[in-house]
Each structure stands twice: as structure tokens, then as C-alpha cells.
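# Topology and contacts: notes
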Amino acid sequence: MARRSALSIRIVEGRNLPAKDITGSSDPYCIVKIDDEAIIRTATVWKTLSPFWGEEYEVQLQPGFHSISIYVMDEDALSRDDIIGKVCITRDMLAEHPKGYSGWMSLSEVDPDEEVQGEIHLRVEVLGSQGSRRLRCSVLEARDLARKDRNGASDPFVRLRYNGKTQETTVVKKSCYPRWNETFEFELAEPAEEKLCVEVWDWDLVGRNDFLGKVVFSVQGLEAAGQEEGWFRLWPDKSKPTEDERRGSLGSLQLQVKLRDETVLPSHCYQPLVQLLCQEVKLGRQDGQVHLVTLLDETTTAECRQEVAINLVKLFLGQGLVKEYLDLLFELELAKPCEPNTLFRSNSLASKSMESFLKVTGMPYLHFVLGPTIARVFEEKKYVELDPGKVEIKDVGCSGLHRVQTEGEVIEQGRQHLQSYLGELLDAIVRSAPACPPLIRAAFRQLFQRVGERFPQHQHAKFVAVTSFLCLRFFSPAVMSPKLFQLRAAHADARTSRTLLLLAKAIQLVGNMEPAAGRAKETWLSPLLPALQQGTARMRDFITRLVGTEEGEGEGRPLGPPPAVVKEGLLLVHKTRGKVPLLAAAAGKKLHFCLTGESLSFGKSPGAERIGAIALGDILAAEKVEEKSFGSSHVMQVVYMATGGQQETAYLQCKCVNELNQWLSALRKACGNNPRVLRSYHPGVFRGDKWSCCHQRDRTGLGCDRTRHGVTLQDWSDPLDPTVEAQRLFQHLQGLRSTLRDKYWELLEPEEAQNGRRGEDAALPEGLSRLLAVLGDLERCHRRAQPPAPAPALLQLQT
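Predicted, not measured: the structure shown is a model, and the values here were computed from it. (Residues numbered from 1 in each chain as written. Predicted model: local features only at pLDDT ≥ 70, side-chain atom pairs only at ≥ 80, totals over all residues. Heavy atoms only, no water.)

## A word on the overall build of the chain
If you tally the helices and strands in the chain, you get 19 helices and 30 strands. Here the chain holds 799 residues, and the buried ones make up 52% of them. Considering only intrachain contacts with a sequence separation of at least 6, the fraction spanning at least 24 residues in the chain is 69%. Taken as a whole, the chain presents about 37500 Å² of accessible surface, with 49% of it coming from carbon and sulfur. (Helix = DSSP H or I, 4+ residues; strand = E, 2+ residues; numbered from the N terminus. Buried < 20%, exposed > 50% of the residue type's maximum accessible area, 1.4 Å probe, protein only. Contact = heavy atoms within 4.5 Å. Areas by Shrake-Rupley, 256 points an atom, 1.4 Å probe, with all protein chains shown as cover.)

Structure, rendered in C-alpha cells:
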């Protein structure tokens, strides 16, 4: 049994942001922090006060998650980036929205006294007897404090306040992981109603000290226990009056956030549910009966359908039945009243499942087909416009011989560029049939045959059914927003975005198989009509080849392991310390690192011979490094066991925070089952005779911060986890138990529904009856697995 917390977050767009640049605009991007750790950086959207990101992430969290903060920043090439504002969402706020929060949130100004992080280790106790009792507080250490000084650290000290008296620790210079080990005593007030306030401050030689956080204890609860020791989270100072004048004037963010706290039972507990779903898929559609999948489709809301579709696709991929599941959906969809020209255009479970299936299994294929053309569009930055209402007239010619281009010349030039991109893309698509994964080809073959049987008089419909998914729901969205499909690291600028939009529209028109219809809606597309007609003919030939050859490989069996290469890229190697460090000769150089299911290897370039490798079983931790250690916030450390049995550390610099977190996620997932993983580590480096983070002099001593093995970013290439998918389906179905029963009676033939009994004792079909029984059994398993309620806290944190 495992308890998991996962956070899904979609940063949609911003509006009414303040201008930070002299141009009267801003270059906004977002930084997402989970508690104190920066996890995500969105792409920068240039020169706008109403940016659109549309970026979606899922983060696996550590136990004890408290809040998520989203900072909107203005990128500046010449100086430090400006903070525009932030949005903070606490765990309690998300608990009030179990189905997730979706909406606009106003940005608030960033108050330095609220930008606190980290924890402090304290031991608090009551000593003595009645009449001469004392309150003793031992200040032991702190970790991951906020960095307030330019050197990337702080000079922290602790101030204790109780019953009108104040005492302070010594100052620890240049450390965010200070150790004090100092003890203070106060005479205990009678009655013990006063509170003990423990504040952490950053000492400054010039100017006021900076606030780093505080913990406030109620002493009354401590009297019964006598002593309490532990790590306590530092909280901001909420005693100051808040000023809301600027709230709203800084703009707002549209967000979709959902926290999913899950108790995942052992896999055998879900076998009855999985077996039932598999059996229903194998049985297929039966005339006169309401299928369980139809009930699921009809009772799932539009907001949840995408998530349920992904869960079902991944579940059946793991069971080797995804082809049968999709075929059942096609059959059920085609059994409804429908028109051949509007097939699969709605957001039904069939449409969402096929769309999810393409994303889960077809991303390498998508990159193979679209990657070169998308890269060319970004590199060339050609001006492409066909709409006369949007054409920008510009000067052409050499110095002294300028002339203004006519509107027709601009449109003709844009048509040539767009036709060139479209031709290259269609060439790649037409040639890609052999490279298309066999499982995808099999799914399209089934769809092609089903639609052909349903509409024998409209043979055109079976081609449109395939392109409605392949072009309209897969290729075209990726062309329009390559960042969201990991084809590019950043969003396009305005000119490139317009080119991509026109190219995506052209792919849609080719996919519709009727270019003339598109021209009727937007007459300015007429210059492109010959190319679209030729593309339609080529697309038809491609679909014929795609579905024409039977592929035995990969069908009817569980999806194989992910590609051998999990993650690869160039990383800068920083100097390490040790007798014979593996990467000593490469210090200061960039090497190509490659993570597979067996090792983390490295060489001079992607195709070059591997210089060395670290076996996954020898990797003990993958963590971030303090910015002050190497002057960069994008450095990670890989702690591993060397061949001689000694512990060594490789310090590797990434190019940005996203690449850093992608590498950390990949390494943590790959080494998650290693029994030797460390529970603590040093976020600094050992220089001279001490660690830069906590100033310890023992190089092999315990680390001063806890490792974060559980914090990972989810990715489309992650291996399947059928147990988690089954748990999420159970959670969804559990909320539909009464709805499923009502919907079943509603979908019955009218005469059967009138003659049947519709109460709790009414006879239900075997599949639905078994499903309700299985859900009841799983609910009882979850109740037994719930931990006992914790005892009331003796020390109450006042925030």
C-alpha cells in the first residue's frame, strides 16, 4: 500500500499585466514553486500584457505538501528579471475543491516578509515543579532557509520571545543550513497562557535585518507531555496589516489546479475491477443491452472525460487490450444516429480515448514526422500572410532603391513560403507509413473498416474518420502549439505563431478532404487551393497505405518497455573532489549524458564511444545544488557509489530550470527502487575543509537536508503503472454509483423501462451488478487501510 499526492496544474493565460519594459509591454513567464522548491518554468511570451501559455504539468509530491505558488516574472536580458506578482494556493484551498479549481485568480504583490521557506529543528520542554517551573527551548539547526544576500546565502540567527523577554542565538555566516545547538530558558508564566515565538532572521551589517520565518507555540499543550522535539515549518508573519490596494491592479492568471491524494492498495486488490473491465471489452457490443462502457460514457461529465479516457487507455495498454477497447468504442459510437461528415467531431469517450491513445503511444512518431518542418519554420522566421486584412506592407530593395511591396506581392510571397512548408510536411507524412507504430496502424485499420461497413454508400467517410484523429486532433494541434507537444522548448514569437497557425489550418483542410469547403468559409485561402487539392489526394493515398497492411507485431500484447533511452543531452561537468573521481578529467567540459534502464553513461558527443557509466543500482541520490556553489541555480548532483566502495558526487549543470527538473525526475524514477538511496544529502559542495552549506567539517557525515526522491514531473514517456490507473478509475466510478443505476434505466428501451422495477431491488445486468459489488469491496479495503486519526498536536503552530 502506498500513499501518493499528485498535483495537476494548467497555466492557461494571463490578462491585464502591468507594463515593465520601456516599450509599454512585458515579456512574462511563470515560475511554479511547490512549497519552497522551483519545479516549473513556463516559456516566455514576448511583448504582451495578456500572455497565453496553455502549459499543463503533473507533479508527484512529497508527503506534507503545504502550498503551491505561481510567480509571474518579466524577463529582462540586461538585468535581473522583475517580479510582477504571485498567486498562492494552499493545500486547504485545494481540499475545498476535490474536483479541482478552475478560474481566474488576481496577482498579489510579493511581500519580502511572506517569502519564507525552510524548517527549524527545536526541542521545547517544561522543567521543574510547581512554583519554580522553567520553559527550555533548544535551538538545534535549520535547513533550506530563504536566500536573502547577494552571495546566494543568508546570515541567520534566531530570536526567541516569551512573556515580554527576548533572547538570541549567535549569527551563522553565509549559510542556509545553520547549526546552533544553543539552549535558552525562560521562567514559566502562571497560568501558562503566553506563547513562545521563535523567529529566524538574516543579519545585515547595513540596513534592517531580513525576516526568514517564525514558529509560534502554545505552551499549555506542552505541560502534559513535558517535552516535544521535531522539525517545524517556518511561517510568514501574518500579524502585519495587509494592503489589498494593488490586488487586481497587477493582473490575473487563469489556472486549473487539482490535488489528488491517493491511497494505492496492493495490485491484487484491483484485480476484480480490472478483470471485469477486460471481460466487458472482450464481450463487445450486444444488441438490446446497455454496455458498461456506454454507461461510463453517458455518466462522465465533459470536465472529467479526458482524464477518464487517459486512465482507461493506459489500463488497457497494460492489459494488451487497447485495440479491442478502441474497437468497442468505435462500434458503440457508430451504433448511434450519426452523419458521415461529422463522425467523431464531438468530445465523446471514443474521441477522447483515441486522442489520448495517440499522445501516449505516438509522440516519438509525431516528433519524427513534424520535427524537421517545425524547426525550419522557427529558424527561417519568414513573413507569411494570406489574409488581405492582415497584410503588412514593407519596403524592399537595397539602400537608396527602396520600393513598397504591393499587397499582391506580399500575399504571393507568403503563399510560396506556406506552400513550401506544407509540401515538406506532406512529404514527411506520406513517407511515414512504415514508421508509424504498429499499434496505431492497427487502431486506424479497425476504424477504417468499421466506418466503411457503417456507411457503404459514403466510402469517403472512412478516410475522413482517420484524418479527423490523425490530422485534426494530433498533427494540427502540434503544429499550432509545438511547445505543448515538446517539439520546441519555447513558444513562438508573433510572426512564427502566425505561420504555424496558417500551416495548421492547411493541415486541417487537407484532413477534411474537402479543401473547397474551407475556401468557401475563408475566401482568402483560394491562392492555396491547388496545393490543398494535391495534398488531399496524397493524404488519401497515405491513409490507404497506412491501413492496408496487416501488422502482426505489437498487436494484442501489452505495450513493450519504453524506449531504451530515457533521457539524454549535453551537460556541463563541474569539478569534483575525491581520490579517483569518474569525471575528474572532464571538469569544465560539456559531455553528452544518456540515461537508460541500466545506467547513466557519458561520452563526448551523441554518437561517440562512451567514456564511462554509472550503474543505476549505484546511484544514491539526484538532487539540486545551492546556487552559490557554482554561481548557477541549474546545477544538480548525482551521488553514487564508486567502484572502490567510496561515495562520490558528480556535479552537472543544465541549461535551464526545466531541463534540471526533467533530469532530476528521470533519475529519481529510474532509481526509485534502489534500496541504498540516501535519506539526506548536502546541497552545497565540500571545499577546503568544510561543506559550504552547513559548514560541517566531516566530509562523510550525514547530510544537512532531506532528499526529495518523491518529487517528480510526470511525462508521456513514463512507464505504465496499471495499479495507479485502476485506483483512479475506482475513485471516478465510486462517485458514479447511484448515477450508473439511474442512467441504465434511462437508456433501456422505453417499453422495458416502463415494465421493469426501477428501485434499489430492481434487476440489473450482470456487468453492472458485478461492478457495483466490486466497488463496494474496494471501498471496504480502503476503509481498512486508512491510518488511525493522529493524536491532537501538543504544539500548535500559529500562522
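The structure having been displayed, the exposition proceeds.
## Some words on the side chain of His592
Looking at the secondary structure, you find His592 in strand β20 (residues 590-596). Classification of His592 as buried rests on a relative accessible area of 4%. Beyond its immediate chain neighbours, meaning those up to four positions away, His592 contacts Glu568, Gly569, Leu570, Ser601, Phe602, Gly603, Lys604, Ser605, Pro606 and Arg610.

## Here's the deal with the nonpolar core
If you look at the biggest cluster of nonpolar residues, it comprises 123 residues, and the most contacted ones within it are Leu370, Phe444, Phe475 and Phe542. Broken down by element, this core gets its largest block of residues, 14 residues, from helix α7 (residues 349-380). Sequence-distant contacts of Leu370, defined by excluding residues within four places in its chain, comprise Leu425, Phe475, Ala478, Val479 and Leu487. Among the nonpolar cores identified, the runner-up in size contains 42 residues, and Val139, Leu196, Val219 and Val635 belong to it. (Core = buried A, V, L, I, M, F, W, Y, C linked by side-chain atoms within 4.5 Å.)

## A few points about the environment of Lys462
Within the secondary structure, Lys462 sits in helix α10 (residues 460-480). Residues Lys462 and Gln449, spaced 13 residues apart in sequence, show a C-alpha to C-alpha distance of 7.4 Å. If near-sequence neighbours (up to four positions away) are discounted, Lys462 is found in contact with Phe448, Val451 and Gly452. A distance of 2.5 Å separates a polar atom in the side chain of Lys462 from a polar atom in the side chain of Gln459. (Polar contact = N/O pair within 3.5 Å; in protein donor to acceptor, adjacent residues only side chain to side chain.)

## Quick word on the packing of helix α5 (residues 302-319) against α7
Between α5 and α7, the shortest axis-to-axis distance is 8 Å and the interhelical angle comes to 60°. When the axis of α5 is compared with that of α7, the two are oblique. Remark: the crossing between α5 and α7 carries right-handed chirality. In this structure, α5 uses Arg305, Gln306, Ala309, Ile310, Leu312, Val313, Lys314 and Leu317 to contact α7, whose residues at the interface are Leu349, Lys352, Ser353, Glu355, Ser356, Phe357, Val360 and Thr361. Taken together, the residues of the contact of α5 with α7 sort by class into 8 nonpolar, 4 polar and 4 charged. (Axes fitted to C-alpha atoms, helices over the stretch in contact; angles between N-to-C directions. Parallel < 35°, antiparallel > 145°, perpendicular 65-115°, else oblique. Left-handed = near helix turned anticlockwise from the far one by under 90°. Nonpolar A, V, L, I, M, F, W, Y, C, P; charged D, E, K, R; others polar.)

## Brief notes about the packing of aromatic side chains
Summed over the entire model, instances satisfying the criterion amount to 13 aromatic pairs. Taken together, a centroid distance of 5.8 Å and an interplanar angle of 75° make the contact between Phe330 and Phe344 edge-to-face. With a gap of 14 residues between them, Phe330 in helix α6 (residues 322-334) and Phe344 in the loop between α6 and α7 connect regions that are remote in the sequence. Grouping residues by exposure puts Phe330 and Phe344 together as buried. Among the aromatic side chains, those forming a connected cluster through ring pairs are Phe330, Phe344 and Phe469. Looking at Arg159, its charged tip hangs above the ring of Trp201, at a distance of 5.2 Å from the centre. Over the aromatic face of Phe630 sits the side chain of Arg687, whose NZ or CZ is 5.3 Å from the ring centroid. (Phe/Tyr/Trp six-rings, centres within 6.5 Å; stacked < 30°, edge-to-face > 60°. Lys NZ or Arg CZ within 6 Å of the ring centre and 35° of its normal.)

## Re the sheet that holds strand β30 (residues 712-713)
Adjacent strands of a sheet pair through backbone hydrogen bonds, lying either parallel or antiparallel. The 5 strands are arranged β7-β16-β1-β4-β30 in an open sheet whose pairing can be described as antiparallel. Of all the strands in the sheet, just β7 (101-106) and β30 have a single pairing partner and so form its edges. Note that strand β4 (residues 52-61) and β30 share 2 bridges and pair antiparallel. Residue pairing for β30: Gln60 is matched across the bridge by Thr712. Sheet strands in contact with helix α16 (residues 722-734) are β1 (2-15), β4 and β16 (252-264), and its direction is about 105° off that of β16. (Pairing = 2+ DSSP bridges.)

## Remarks on the environment of Asp287
Mapped onto the secondary structure, Asp287 falls in the loop between α3 (271-283) and α4 (292-299). Asp287 sits in the exposed class, given a relative accessible area of 64%. Spatially, the C-alpha atoms of Asp287 and Ala335 are 9.8 Å apart, while their sequence positions differ by 48 residues.

## Re the sheet that holds strand β10 (residues 156-162)
Taken in spatial order, the 4 strands of this open sheet run β11-β10-β13-β14, and their pairing is antiparallel. Both edges of this open sheet fall to β11 (165-168) and β14 (210-218), since each of them pairs with a single strand only. Averaged over all pairs of adjacent strands, the angle between strand axes in this sheet comes to 20°, irrespective of strand direction.

## What about the pattern of salt bridges?
All chains considered together, the criterion is met by 47 salt bridges. Note that Asp689 is salt-bridged to Arg697, the shortest N-O span being 2.4 Å. Looking at Asp689, the relative accessible area reads 43%, which means it is partly exposed. By relative accessible area, which is 55% here, Arg697 ends up exposed. It is possible to trace a salt-bridge network through shared partners that takes in Glu37, Asp144, Arg147, Lys624, Glu626, Asp705 and Arg708. (Salt bridge = Lys/Arg side-chain N within 4 Å of Asp/Glu carboxyl O.)

## Concerning α5
The first and last C-alpha atoms of α5 sit 26 Å apart over 18 residues, in line with the 26 Å expected at 1.5 Å per residue. For α5, the set of buried residues is Arg305, Val308, Ala309, Asn311, Leu312, Val313, Leu315, Phe316 and Leu317. In this fold, the buried residues of α5 make contact with α3, α4, α6, α7, α9 (438-454) and α16. Once α5 ends, the next one or two residues include Gly320, with phi positive near 75°. (Expected span 1.5 Å × (residues − 1).)

## Overview of the environment of Ala621
Among the structural elements, Ala621 can be located in strand β23 (residues 619-624). Along the chain, Ala621 and Leu664 lie 43 residues apart, while their C-alpha atoms are 9.4 Å from each other. Contacts of Ala621, omitting those with residues within four sequence positions, involve Gln637, Val638, Val639, Leu678, Thr707 and His709.

## Describing the packing of α5 against α16
α16 packs onto α5 with a crossing angle of 140° between their chain directions and a minimal axis gap of 9 Å. The pairing of α5 with α16 is recorded here as oblique in orientation. Handedness of the α5/α16 crossing: left-handed. From α5, Cys304, Val308, Asn311, Leu312, Lys314 and Leu315 reach across to α16, where they touch Pro722, Glu725, Ala726, Arg728, Leu729 and His732. The residue inventory of the contact of α5 with α16, partitioned by class, reads 7 nonpolar, 2 polar and 3 charged.

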